[in-house]
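# Coordinates in review
Below are the chains, spelled out letter by letter.
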Amino acid sequence: MPAKIDLHCHSTVSDGLLSPADLVAHAAKRGVKVLALTDHDDVGGLAAARQAAAEHGIHFVNGVEISATWKKRTLHIVGLKFDADNVALKTALDKVRIGRDERAKEMSVGLAKAGIGGAYEGAKAIAKQSILTRSHFAQFLAQNGHAKDVKSVFKKFLVKGKPGFVDSQWMDLESAVGLIIGAGGQAVIAHPGRYDLGMVNMHLLMHEFRTLGGAAIEVVTGSHQPPQYQQFATIAHRFSLKASLGSDYHGAGLSYMGMGQVPELPAGCVPVWDDWPEKQYLS
Ligand code: AMP
Ligand code: MN
Ligand code: MN
Ligand code: MN
């Protein structure tokens, strides 16, 4: 049986394909009972998602996925159960989004040098009102025949050393965790298996994150390979961190795992929702 909880997914407020309300409806249809929406660097979809959740009998949890830089690498820190009206958090995220727009313009300059014009405008047309992410550039490039699909676009254009890559400086780990905790929430390291850290740095990260007051790491996620579930369950246990779980759903064709298909946490994990009232809806 898949888990009835999903604490990581994206709407059109960032790089997902469904609006917050449609995403919630989709989750409900797939049997999800407790849901967090975790758009990149933006809490703008939470109110609409919460309202839709009430209509669909889903128990909604505020979420966000904050971009952070640690040892020159980009990490994603999920915040859960924070106050979405917290001024410090909102102000910091506003700043991140302005930085994203500047970064997108630089990405476009890089792509223009490689002979691909109009990438900023093209990505913006796909993103509509939302923030600009590499996903939007990937969709623009794929739609214009520069690669066969969104995944191969990344390898060709959007990763380190490629023309559309810009080495972004996000907020530091301490700030990301501090903002989430300051807003009354819990901080979670998203998909730790994706960062390509060696074991020494991985352990250093876990130790530092725990010292900063971090609550959990994602153990089961659409962004991990199944053998990584147990690997990160062990790491969570070793560093006294709780375990989180989510699909990282972005929409059909953009995701590795659908909603309502996320396997349960391995035995022995302490779930991040262990002391939440929402726990009662999961049995
Ligand atoms: P950004 O935060 O603007 O750097 O964009 C990162 C987003 O791009 C991630 O959240 C994913 O949705 C997507 N992404 C990153 N790497 C890949 C990849 N290799 N293949 C497909 N999507 C990716
Ligand atoms: Mn994304
Ligand atoms: Mn992520
Ligand atoms: Mn994500």
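Rules behind the numbers
Per chain, residues are indexed from 1 in the order of the written sequence. Whichever chain is written first becomes A and whichever ligand is written first becomes 1, with later ones labelled in order. Per-residue local features of the predicted model are confined to residues with pLDDT of at least 70, and side-chain atom pairs are confined, for both listing and counting, to 80 or more; whole-chain, interface and lining totals are unaffected and use all residues. Excluding hydrogens and water, the side-chain values take into account all heavy atoms of the structure. Reported domain spans reflect what an automatic or database domain assignment gives. Once two parts are brought into contact, the accessible area they lose, counted with a 1.4 Å probe and summed over both, makes up the buried area. By salt bridge we mean one thing: a side-chain nitrogen of Lys or Arg within 4 Å of a carboxyl oxygen of Asp or Glu. By the criterion applied in these results, polar contacts are pairs of N or O atoms within 3.5 Å in which, for protein atoms, one can donate a hydrogen and the other can accept it, and in which residues neighboring in sequence qualify only through two side-chain atoms. When a residue's accessible area, from a 1.4 Å probe over protein chains only, is under 20% of the maximum for its type it is buried; when over 50% it is exposed; and in between it is partly exposed. Runs of E in the DSSP output that reach at least two residues are strands. Runs of H or I that reach at least four are helices, and both are numbered from the N terminus. Two strands make a pair as long as DSSP finds a minimum of two bridges between them. Note on handedness: a crossover is taken as right-handed if, strands pointing away from the viewer, the path from the first strand over the helix to the second is clockwise. Two rings belonging to Phe, Tyr or Trp (six-membered ring only in the last case) form a pair when the distance between their centres is within 6.5 Å. Interplanar angles under 30 degrees mark stacking, angles over 60 mark edge-to-face geometry, and anything in between is tilted. The rule for a charge over a ring is simple: NZ of Lys or CZ of Arg within 6 Å of the ring centre, and within 35 degrees of the ring normal. Whether two residues are in contact is decided by their heavy atoms, any of which lying within 4.5 Å being enough.

## Details of the domain arrangement of the chain
- As far as domains go, the chain holds domain 1 (5-92 + 171-282) and domain 2 (94-158).
- Both sides of the domain 1 and domain 2 interface together cover about 1,100 Å² of buried area, and 49% of this is carbon and sulfur.
- Between the two partners, domain 1 and domain 2, sit 2 salt bridges.
- For Arg-100, the salt bridge is made with Asp-41, and the minimal N-O distance between the two is 3.0 Å.
- Taken together, the links from domain 1 to domain 2 amount to 12 residue pairs in polar contact (both at pLDDT 80 or more).

## Structural notes on the pairing of strand E7 (residues 216-221)
- Of all 6 residues making up E7, 6 are buried, and the element is well covered by its neighbours.
- Direction of pairing for strand E6 (residues 186-189) relative to E7: parallel, over a ladder of 2 bridges. For Val-188, the partnering residue across the bridge sits in E7 and is Ala-216.
- On the question of chirality, the crossover connecting E6 to the parallel E7 by way of helix H8 (residues 199-211) is right-handed.

## Overview of the packing of aromatic side chains
- In this structure the tally under the stated criterion is 0 aromatic pairs.
- Of note, Lys-151 hangs over the ring of Tyr-256, and the distance from its end group to the ring centre comes to 4.3 Å.

## Some remarks on the pairing of strand E8 (residues 242-246)
- In terms of burial, E8 is a largely internal element, 4 of the 5 residues being buried.
- Bridge analysis of E7 against E8 gives 5 bridges, and the strand direction is parallel. Pairing of Glu-218 across the sheet is with Ser-244, part of E8.
- Regarding the hand of the β-α-β motif, the stretch spanning E7, helix H9 (residues 227-238) and E8 is right-handed.

## Looking at the environment of Phe-60
- Relative to the helices and strands, Phe-60 resides in strand E3 (residues 59-70).
- What makes Phe-60 buried here is its relative accessible area of 7%.
- When the C-alpha atoms of Phe-60 and Asp-41 are compared, they prove to be 19 Å apart, with 19 residues separating the residues in sequence.
- In this structure Phe-60 touches Leu-35, Ala-36, Leu-37, Leu-46, Ala-49, Arg-50, Ala-53 and Glu-278, once residues within four positions along its chain are discounted.

## Concerning the side chain of Gln-186
- Topologically, Gln-186 is positioned in strand E6.
- Here the side chain of Gln-186 touches Trp-276 through a polar contact of 2.7 Å, side chain to side chain.

## Observations regarding the pattern of salt bridges
- Throughout the structure, instances matching the rule amount to 9 salt bridges.
- Between Glu-278 and Lys-81 there is a salt bridge, and its shortest N-O distance comes to 3.0 Å. Of this pair, Glu-278 sits in the segment after E8 while Lys-81 sits in the loop between strand E4 (73-80) and helix H3 (87-113), and the two are 197 residues apart along the sequence.
- By relative accessible area, Lys-81 is classed as partly exposed at 28%.
- Among the ionic pairs, Asp-274 bridges to Lys-279, the shortest N-O distance being 3.1 Å.
- Residue class for Asp-274 comes out partly exposed when judged on its relative accessible area of 32%.

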